[in-house]
Amino acid sequence: MAGVRTRVSIVGGGIAGLSLAAALDPTRFDVTVHEAQPGRAATGAALGLWPSARRALGRLGVLDVVERSGGQVSGGYLHDLTGRPLLRAPDVGLLMVARPVLLDALRAALPSSTRLVTEEVLDPRDLDADLVIGADGVRSVVRGLVAPGAADRRATPWVALRGIRDGDVHSSEVGEYWGAGRLFGIVPLVDGRTYWFTAQPSVAGPEPLDPSAVLTEARLAFAGAAPVIRRLLREAGLDTLATRLWVAPPMYRYLRGRYAVIGDAAHAMAPNLGRGACDAIVDAVTLADALQGGRRSGSRLWGWQARRVPLTQAARLASGRLMRVALAEAPRRDRVLRLVQLRRADS
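A.B. asks: Kindly report on the pairing of strand β12 (residues 182-188), identifying the contributing residues and their values.
C.D. replies: With 6 of 7 residues buried, β12 is to be regarded as a mostly interior element. Direction of pairing for strand β11 (residues 175-179) relative to β12: antiparallel, over a ladder of 5 bridges. Each residue of the ladder has a partner; that of Gly179, found in β12, is Arg182. Following β11, the chain reverses through 2 residues before pairing antiparallel with β12; Ala180 in that reversal takes a positive phi of roughly 50°. Relative to strand β13 (residues 193-201), β12 runs antiparallel, the two sharing 6 bridges. Directly across from Pro188, in β13, lies its bridge partner Thr194.

A.B. asks: Can you explain the packing of aromatic side chains? Please cite residues and give values.
C.D. replies: This structure, assessed with the given rule, holds 4 aromatic pairs. Measuring from ring centre to ring centre gives 5.8 Å for Phe184 and Trp196, while their planes differ by 5°; the resulting arrangement is stacked. Of this pair, Phe184 sits in strand β12 while Trp196 sits in strand β13, and the two are 12 residues apart along the sequence. Looking at Phe184, the relative accessible area reads 0%, which means it is buried. Residue Trp196 is classed as buried on the basis of its relative accessible area of 2%. Taken together, the ring pairs connect Phe184, Trp196 and Phe222 into an aromatic cluster. Directly above the ring of Trp246 sits Arg153, whose terminal nitrogen or CZ lies 3.5 Å from the centroid. Sitting above the plane of the Phe222 ring, Arg182 keeps its charged end 5.9 Å from the centroid.

A.B. asks: Lay out the environment of Asp152 with the relevant residues and their values.
C.D. replies: By the secondary structure assignment, Asp152 is in the loop between α5 (143-146) and β10 (154-166). The class of Asp152 is exposed, set by a relative accessible area of 61%. Spatially, the C-alpha atom of Asp152 lies 9.0 Å from that of Val141, the residues being 11 residues apart in sequence. Dropping the residues within four chain positions of it, Asp152 is found in contact with Arg143 and Pro249.

A.B. asks: Can you explain the sheet that holds β10? Please cite residues and give values.
C.D. replies: Across the sheet, 7 strands lie side by side as β6-β5-β11-β12-β13-β10-β14; this open sheet has mixed pairing. What marks the edges here is a single partner per strand, and that holds for β6 (85-88) and β14 (241-247). Recorded for the sheet is a direction-independent mean angle of 20° between the axes of neighbouring strands. In the sheet, strand β5 (residues 77-80) pairs with β6 via 3 bridges, with the strands oriented antiparallel. Of the residues in β6, the one forming a bridge with His79 is Pro85. Packed on one face of the sheet, helix α6 (residues 211-221) meets β10, β12, β13 and β14 and runs near 90° to β10. Together, β10, β11, β12 and β13 form the strand contacts of helix α7 (residues 227-235), whose direction differs from that of β12 by roughly 80°.

A.B. asks: Any chance you could break down the pattern of salt bridges for me, citing the residues and the numbers?
C.D. replies: Within the structure shown, the criterion is met by 15 salt bridges. A salt bridge links Asp289 to Arg59, with the shortest nitrogen-to-oxygen separation between them at 2.6 Å. Here Asp289 is found in helix α9 (residues 276-291), whereas its partner Arg59 is found in helix α2 (residues 51-60), with 230 residues between them in sequence. A relative accessible area of 24% places Asp289 in the partly exposed class.

A.B. asks: Outline α2, supporting the account with residue identities and numerical values.
C.D. replies: When we look at burial in α2, the residues that qualify are Ser52, Ala53, Arg54, Ala56, Leu57 and Leu60. Among the residues trailing α2, Gly61 stands out with phi positive, at a value near 80°.

A.B. asks: Describe the packing of α2 against α9, with residues and values.
C.D. replies: At their nearest, the axes of α2 and α9 sit 9 Å apart, and the two run at 45° to each other. As the angle between them shows, α2 and α9 are arranged oblique. Crossing of α2 against α9: the hand is left-handed. Facing α2, whose interface residues are Ser52, Ala53, Ala56, Leu57, Arg59 and Leu60, α9 presents Cys278, Ile281, Val282, Val285 and Asp289.

What counts as what
- Sequence positions are assigned chain by chain, starting from 1 and proceeding in written order.
- Per-residue local features are limited, in this predicted model, to residues with pLDDT of at least 70; the limit for side-chain atom pairs, both in listing and counting, is 80 or more; totals at the level of whole chains, interfaces and linings are taken over all residues.
- To obtain the side-chain values, all non-hydrogen atoms of the structure were used and water was disregarded.
- Only protein chains enter the accessibility calculation, which uses a 1.4 Å probe; a residue whose area is less than 20% of its type maximum is buried, one above 50% is exposed, and one in between is partly exposed.
- Working definition: helices are DSSP H or I runs of at least four residues, strands are E runs of at least two. Numbering for both runs from the N terminus.
- Note: two strands are recorded as paired if DSSP finds a minimum of 2 bridges between them.
- Aromatic rings from Phe, Tyr and Trp, with only the six-membered ring used for Trp, were paired whenever their centres fell within 6.5 Å, and each pair was classed as stacked if the ring planes differed by under 30 degrees, edge-to-face if by over 60, and tilted otherwise.
- Throughout this description, the term charge over a ring refers to an Arg CZ or Lys NZ atom that lies within 6 Å of the ring centre and within 35 degrees of the ring normal.
- Should any heavy atoms of two residues lie within 4.5 Å, those residues are counted as being in contact.
- Interaxial angles span 0 to 180 degrees and are taken between N-to-C directions of axes, which are lines fitted to C-alpha atoms, for helices over the stretch in contact.
- A pairing counts as a salt bridge when a side-chain nitrogen of Lys or Arg comes within 4 Å of a carboxyl oxygen of Asp or Glu.
- Roughly parallel covers angles under 35 degrees, roughly antiparallel covers those over 145, roughly perpendicular covers 65 to 115, and oblique covers all other angles.
- Crossing handedness is defined as follows: a turn of the near helix away from the far one that is anticlockwise and smaller than a right angle gives a left-handed crossing, while the clockwise case is right-handed.

Printed below as a string of C-alpha cells:
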C-alpha cells in the first residue's frame, strides 16, 4: 500500500516554484503551485544560465529543449559609456534563453499530479499543507514567516529597461557599458536578435512603470553614450519592459517550522552578477534533494540551508557592490577586475 504523501504548497509559479515542483517525486509529495498571475509567464526578456543552473536543468530533463532555444555567449567587453573597452570578459559558458521558453520547459516537466492553482496567497498560514515554500519573489509573503525582520523588500534608486530587437550587433559592441550613474548591456541571441538592458536612476512614478516614460528618460541619460547604445534606445519598441529594481533584505535563515523560501524570495539582488534565475533553479533542485532525503531529511534540510545561505547572501551583497562600481563616475580598473571575477563563482 502506498504511503501518505507529504503535502507541499509552493507559493509562486515562476522559475523557482516550477523548478521545485518538477524536482519533487510525485510518489512521495502531493504538490500544489499557487500563482496569482500565470499570464506573466508569456512576458520577459532573456536570462543568462550559468553551468550550475544548466546541470540542475539537466536533472529535470529540460536542458536539451532549453539549449536548442538558447544561445551560447562567449566573451564580450566591458566598456565605459563612450564605448572605450576597459577589459575583455572571460568566456564562462553562459547560455542565454528567453524567459518564456524556460518557463514553458519547466511547466512541461511537471508531474501530471501537480496542481496549478490560479490564486493570490495573502496569508500562507492558511494553506493546508505540511510544507509551505515561498517562491514568490522579492514581494514574498512567506519571507516574513521565516524571518519576521526581513518581511519587507528594499527599494533601490534604479530602474531597469529590457528589450529584444531583430538584428545582430558587431562583436566588439557586445558586453556592458559602465559609468556616471548609468549601465547598459548588449547580448547576442541565438536567432540573430539582440538582447539589451539598462539600469539608471529614475523619477518615474509608482509601479507599474510606463515604459515609454522610462525610455524617454533613458534616451536623455544616454544621449552622449556610444552610438550602439543610442541606436538601440532609439529603435526600442512598445514591447520594452520597465521595472524598478528592488532587493531582499539580509537573511540568515531560509527555514522556519513548515516554511521555507527560495529564489528571489530569499535573496533578490541587483542584476549585475546575472545569477538571479540560476540561483533560483539551484535552490529548488537542491531543496528537493534535501526533502527527499528519507529519514535524514531533517538534517539534510539544515545542511541545505547551511550551504545555500552563505553562497546566495554573498552574491546578494556582491551584486549591489558591483552595481555601485558600475555606476561610478570612473570605475577603477582594479576594483572592476576583482568584482567581475565574482561572476565566475558558480556554485
